[in-house]
Amino acid sequence: MSRSTEQDLLSTEIVNRGIEPSGPNAGSPTFSVRVRRRLPDFLQSVNLKYVKLGYHYLINHAVYLATIPVLVLVFSAEVGSLSREEIWKKLWDYDLATVIGFFGVFVLTVCVYFMSRPRSVYLIDFACFKPSDELKVTREEFIDLARKSGKFDEEILGFKKRILQASGIGDETYVPRSISSSENITTMKEGREEASMMIFGALDELFEKTRVKPKDVGVLVVNCSIFNPTPSLSAMVINHYKMRGNILSYNLGGMGCSAGIIAVDLARDMLQSNPNSYAVVVSTEMVGYNWYVGRDKSMVIPNCFFRMGCSAVMLSNRRRDFRHAKYRLEHIVRTHKAADDRSFRSVYQEEDEQGFKGLKISRDLMEVGGEALKTNITTLGPLVLPFSEQLLFFAALIRRTFSPAAKTTTTTSSSATAKINGAKSSSSSDLSKPYIPDYKLAFEHFCFHAASKAVLEELQKNLGLSDENMEASKMTLHRFGNTSSSGIWYELAYMEAKESVRRGDRVWQIAFGSGFKCNSVVWKAMRKVKKPARNNPWVDCIDRYPVAL
């Protein structure tokens, strides 16, 4: 990467550190310069192969819909030129065997079509676990719990405090009280206790809301990135609820914060081959088991952001569930960048120099995340954008491709930098700039993984979204923190609590995680959510939101 491009990804901020308490500068105000990495302006650089991939998906699913109108048009033109008497005469000219054979071929073709097309997958309902108030902590209490454990010195505690102040996390998030213990808490016993509390809490609520018996569930997918005991968490669920012996169960581990969408994708594939079935997807992460107690600041960062949370989703492919389902699954697009070494090591679990295990956050995280996000939304665009937006996008893309000025411009790094900064130095640079589709025309609601305040603000800026579009993501970060793969469901619960989801609305959930992966899922609302459920995690505080971060 050139030095100019590297500098474009950095932003500076002057921070007032207050009055110096001691030393030669005691009593004097102190300031520091904070340097941050920004997400690359991924919408200003479109890779054509990912656009082609999106249209490949579209064509594969739309070929039948494209041929049916043509056949109807040809048939109508042929029959429309005949009178009623001529039609009957032509029919009587055929013998009985020919008519029966034609009718049989027609019925067979219709049957094959309906049997081969993908089954619709419905989201019946979902549940988000809300821990008890005993586990609720403010930011100050969080620092006090860490100090009480005796595992961190004042330098690390001060670093944690500064991270929390800029994180966007509020004073009502949840952590296990075991983090204040002076003993080792990253044990199997602690992990199982935390997992049991959250997973069973979410599933109890889900089965109550859907009125589906655990024995009726045919597919179970549990995802938890860090804590993967033997027997697995999926086996723990089956044992607790005494589920049937032929259930198709899967346990996904090590797949990061985007694993919830991967689990939905796996459940969808299982439902395609198992008719009239229910599938349950559980997404969670263990905070206590992943608690880092060393001095490496790049490994301390996850301690500051991750909080307790768990979601459980009930999916169905039964046609009779069409009437009372909340949403229908429309699209899933998955992007994996692990072939690139920087992406692979951007979030990496390892031991530090003292032998303490934790997640190491690379300085390249924002950059590789932006590249994965760019690839994902470029692939998703042809599937969801209205035709008018696609037409404008393709017109600009063709103009860029065949314009000599555009080819010259793209070969120089200075011109690339000018495009990223939005400079309009000449008409040739304007020709080389792609048309940026308006994703607000494709979706009514956005659920972005609530990783941090800085990430959400960069997403809002790059996608040109309003504060209202980002409200659910930002408020989830403030109220519940980063709950890993379950966070996008707390955001959808926020929208339902606000009664903003109406019939026909499209919801875009997007999450990214280690590997590096970026995954999108699109839902279509089947009905208006008129009143939030009594066990919605936002029901007791929704009137206080939104708030300023």
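Read on for a plain summary of the structure. (Residues numbered from 1 in each chain as written. Predicted model: local features only at pLDDT ≥ 70, side-chain atom pairs only at ≥ 80, totals over all residues. Heavy atoms only, no water.)

The subject of this paragraph is the sheet that holds strand β13 (residues 445-448). Here we have nine strands laid out as an open sheet, ordered β7-β6-β8-β9-β3-β10-β15-β14-β13, and mixed in their pairing. Looking at which strands have only one partner, the edges of the open sheet turn out to be β7 (248-252) and β13. Averaged over all adjacent pairs, the angle separating strand axes in this sheet is 20°, with direction ignored. As defined by bridge partners, strand β8 (residues 278-284) adjoins strand β9 (residues 310-316) across seven bridges and the pair is classed as antiparallel. Bridge pairing in β9 links valine 282 to alanine 312. Sheet strands in contact with helix α12 (residues 365-384) are β10 (327-336), β14 (506-513) and β15 (517-525), and its direction is about 140° off that of β10. (Pairing = 2+ DSSP bridges. Helix = DSSP H or I, 4+ residues; strand = E, 2+ residues; numbered from the N terminus. Axes fitted to C-alpha atoms, helices over the stretch in contact; angles between N-to-C directions. Contact = heavy atoms within 4.5 Å.)

Together, Phe103, Phe106, Val107 and Val110 make up a nonpolar patch on the protein surface, roughly 360 Å² of accessible area in all. Looking at the element boundaries, phenylalanine 103 is found in helix α4 (residues 96-116). (Patch = residues over 30% accessible without salt bridge, like charges linked within 9 Å, V, L, I, M, F, W, Y side chains within 5 Å. Areas by Shrake-Rupley, 256 points an atom, 1.4 Å probe, with all protein chains shown as cover. Salt bridge = Lys/Arg side-chain N within 4 Å of Asp/Glu carboxyl O.)

Time to look at the packing of aromatic side chains. Taken as a whole and judged by the stated rule, the model has 21 aromatic pairs. Where phenylalanine 126 meets tryptophan 489, the ring centres are 5.4 Å apart and the plane angle is 45°; that geometry is what we call tilted. Of this pair, phenylalanine 126 sits in strand β3 (residues 122-128) while tryptophan 489 sits in helix α19 (residues 487-497), placing them 363 residues apart in sequence. Neither phenylalanine 126 nor tryptophan 489 differs from the other in exposure class; each is buried. Both rings, one in phenylalanine 207 and one in tyrosine 241, keep their centres 5.3 Å apart while their planes meet at 70°; by these two values the pair is edge-to-face. Residue phenylalanine 207 is found in helix α7 (residues 188-210), and its partner tyrosine 241 is found in helix α8 (residues 233-241); the two are separated by 34 residues along the sequence. Like phenylalanine 207, the residue tyrosine 241 is buried in the burial classification. Clustering of aromatic rings is evident, with ring pairs tying together Tyr174, Phe480, Tyr490, Tyr494, Trp538 and Tyr545. Over the ring of tyrosine 348 we find arginine 345; its NZ or CZ atom is 4.0 Å from the centre of that ring. (Phe/Tyr/Trp six-rings, centres within 6.5 Å; stacked < 30°, edge-to-face > 60°. Buried < 20%, exposed > 50% of the residue type's maximum accessible area, 1.4 Å probe, protein only. Lys NZ or Arg CZ within 6 Å of the ring centre and 35° of its normal.)

Within strand β6 (residues 217-224), eight of the eight residues are buried, which leaves the element mostly enclosed by the surrounding structure. With seven bridges connecting them, β6 and β8 associate as parallel partners. Residue pairing in the sheet places cysteine 224 in a bridge with threonine 284 of β8. In terms of handedness, the path from β6 via α8 over to β7 forms a crossover that is right-handed. (Right-handed = clockwise from strand over helix to strand, strands pointing away.)

Limitation: the analysis is restricted to geometry and does not speak to function.
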